[in-house]
Amino acid sequence: MTTLRAFTCDDLFRFNNINLDPLTETYGIPFYLQYLAHWPEYFIVAEAPGGELMGYTAAALMLCVFTVMGKAEGSVAREEWHGHVTALSVAPEFRRLGLAAKLMELLEEISEKKGGFFVDLFVRVSNQVAVNMYKQLGYSVYRTVLEYYSASSGEPDEDAYDMRKALSRDTEKKSVIPLPHPVRPEDIE
């Protein structure tokens, strides 16, 4: 039986089987520790019966459209208060079991309880498996962010989709009305 529980500091030494996926963004230990300190309720891990980590998600409830380090900005008055999914990753051997959907559902519930207007995430345009999964979960493309992901090996930087799902507080669904044009990373508030 899969156990969903809070991510702990010890898990930082146990989640390489998840983080080594080429489509998973990895961060330094201080980044993960910042999330554990500031938003522990948004840092969830799925654990197999034998203790092996199956997947995790890290998110933050933010006052802004996006900040990479979880900095809070913006205001509730401007209806920018939202949950932001920073990372969602499931180990390859545990994919297609519904873990990602369950972890996203938990994050959405937390964001609802905290009064968020929407949940957003960034995903590589080329990662169509993830894009399609998020669409099945009710997310839509809000905007394209040009050259959001840095490339390696001299390849061009990759665009990202900013995908969003409105929560019950956004009764008019204003937060998910798509922008008509792409933006650059420096244009993101």
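Structure's up top.
Below you will find a few notes about this structure. Just so you know, these numbers come straight off a predicted model, no measurement behind them.

The phi torsion at Glu147 lies on the positive side, around 50°, for a residue other than glycine. Inspection of the secondary structure puts Glu147 in strand β6 (residues 140-149). Not every positive phi belongs to a glycine, and Lys173 is a case in point at roughly 55°. With respect to the secondary-structure elements, Lys173 resides in the segment after β7 (158-166). Residue class for Lys173 comes out partly exposed when judged on its relative accessible area of 43%.

Nonpolar side chains collect at one region of the surface, where Phe13, Ile29 and Leu33 lie side by side and expose about 320 Å² of accessible area between them. Looking at the secondary structure, you find Phe13 in the loop between β1 (3-6) and α1 (16-19). On the basis of relative accessible area, Phe13 is assigned to the exposed category, the value being 67%.

Right, let's talk about the packing of aromatic side chains for a bit. All told, the structure shown has 3 aromatic pairs when counted by the stated rule. Relative to Tyr139, the ring of Tyr134 has its centre 6.0 Å away and its plane inclined at 70°; by these criteria the two rings are edge-to-face. In this structure an aromatic cluster arises from ring pairing among Phe122, Tyr148 and Tyr149. A cation sits over an aromatic face here: Arg124 above Tyr149, 4.3 Å from the ring centre.

Our next topic: the environment of Thr26. Locating Thr26 in the fold gives a position in the loop between α1 and α2 (29-38). Overall, the relative accessible area of 45% leaves Thr26 in the partly exposed class. Between the alpha carbons of Thr26 and Ala87 there is a distance of 8.6 Å; along the sequence they are 61 residues apart.

A general tendency of soluble globular proteins is for nonpolar side chains to be buried together. The biggest cluster of nonpolar side chains holds 35 residues, and the ones touching the most others in it are Leu121, Val123, Tyr134 and Met163. Only α2, β2 (43-47), β4 (82-90), α3 (99-113), β5 (118-124), α4 (128-136) and β7 provide two or more residues apiece to this core. A total of 6 residues in this core trace back to one element, the largest contributor, which is α3. Ignoring anything within four residues of it in the chain, the contact list for Tyr134 reads Leu88, Met104, Leu121, Val123, Tyr139 and Met163. Among the nonpolar cores identified, the runner-up in size contains 6 residues, and Phe122, Ala160, Val183 and Ile188 belong to it.

Moving on, we come to the pattern of salt bridges. A full pass over the atoms with the stated rule returns 7 salt bridges. Residue Arg184 is joined to Glu147 by a salt bridge in which the shortest nitrogen-to-oxygen separation is 2.6 Å. Highlighted residues: Arg184 in the segment after β7 and Glu147 in strand β6, separated in sequence by 37 residues. Looking at Arg184, the relative accessible area reads 30%, which means it is partly exposed. Assessed through its relative accessible area of 38%, Glu147 is described here as partly exposed.

Once that is clear, we can look at α3. Between its first and last C-alpha, α3 extends 21 Å over 15 residues, near the 21 Å set by a 1.5 Å rise per residue. Residues of α3 that are buried: Leu99, Ala100, Leu103, Met104, Leu107, Glu108, Ile110 and Ser111. Of the residues one or two after α3, Gly115 is the one with positive phi, at around 80°.

What follows deals with the pairing of β4. Summarising burial for β4: 9 of the 9 residues are buried, a large majority. Strand direction decides the pairing type here: β4 and β5, joined by 4 bridges, are parallel. Looking at the pairing, Val85 lines up with Leu121 of β5. Regarding the hand of the β-α-β motif, the stretch spanning β4, α3 and β5 is right-handed.

Cut-off values and rules
- Residues numbered from 1 in each chain as written.
- Predicted model: local features only at pLDDT ≥ 70, side-chain atom pairs only at ≥ 80, totals over all residues.
- Heavy atoms only, no water.
- Helix = DSSP H or I, 4+ residues; strand = E, 2+ residues; numbered from the N terminus.
- Buried < 20%, exposed > 50% of the residue type's maximum accessible area, 1.4 Å probe, protein only.
- Patch = residues over 30% accessible without salt bridge, like charges linked within 9 Å, V, L, I, M, F, W, Y side chains within 5 Å.
- Areas by Shrake-Rupley, 256 points an atom, 1.4 Å probe, with all protein chains shown as cover.
- Salt bridge = Lys/Arg side-chain N within 4 Å of Asp/Glu carboxyl O.
- Phe/Tyr/Trp six-rings, centres within 6.5 Å; stacked < 30°, edge-to-face > 60°.
- Lys NZ or Arg CZ within 6 Å of the ring centre and 35° of its normal.
- Core = buried A, V, L, I, M, F, W, Y, C linked by side-chain atoms within 4.5 Å.
- Contact = heavy atoms within 4.5 Å.
- Expected span 1.5 Å × (residues − 1).
- Pairing = 2+ DSSP bridges.
- Right-handed = clockwise from strand over helix to strand, strands pointing away.

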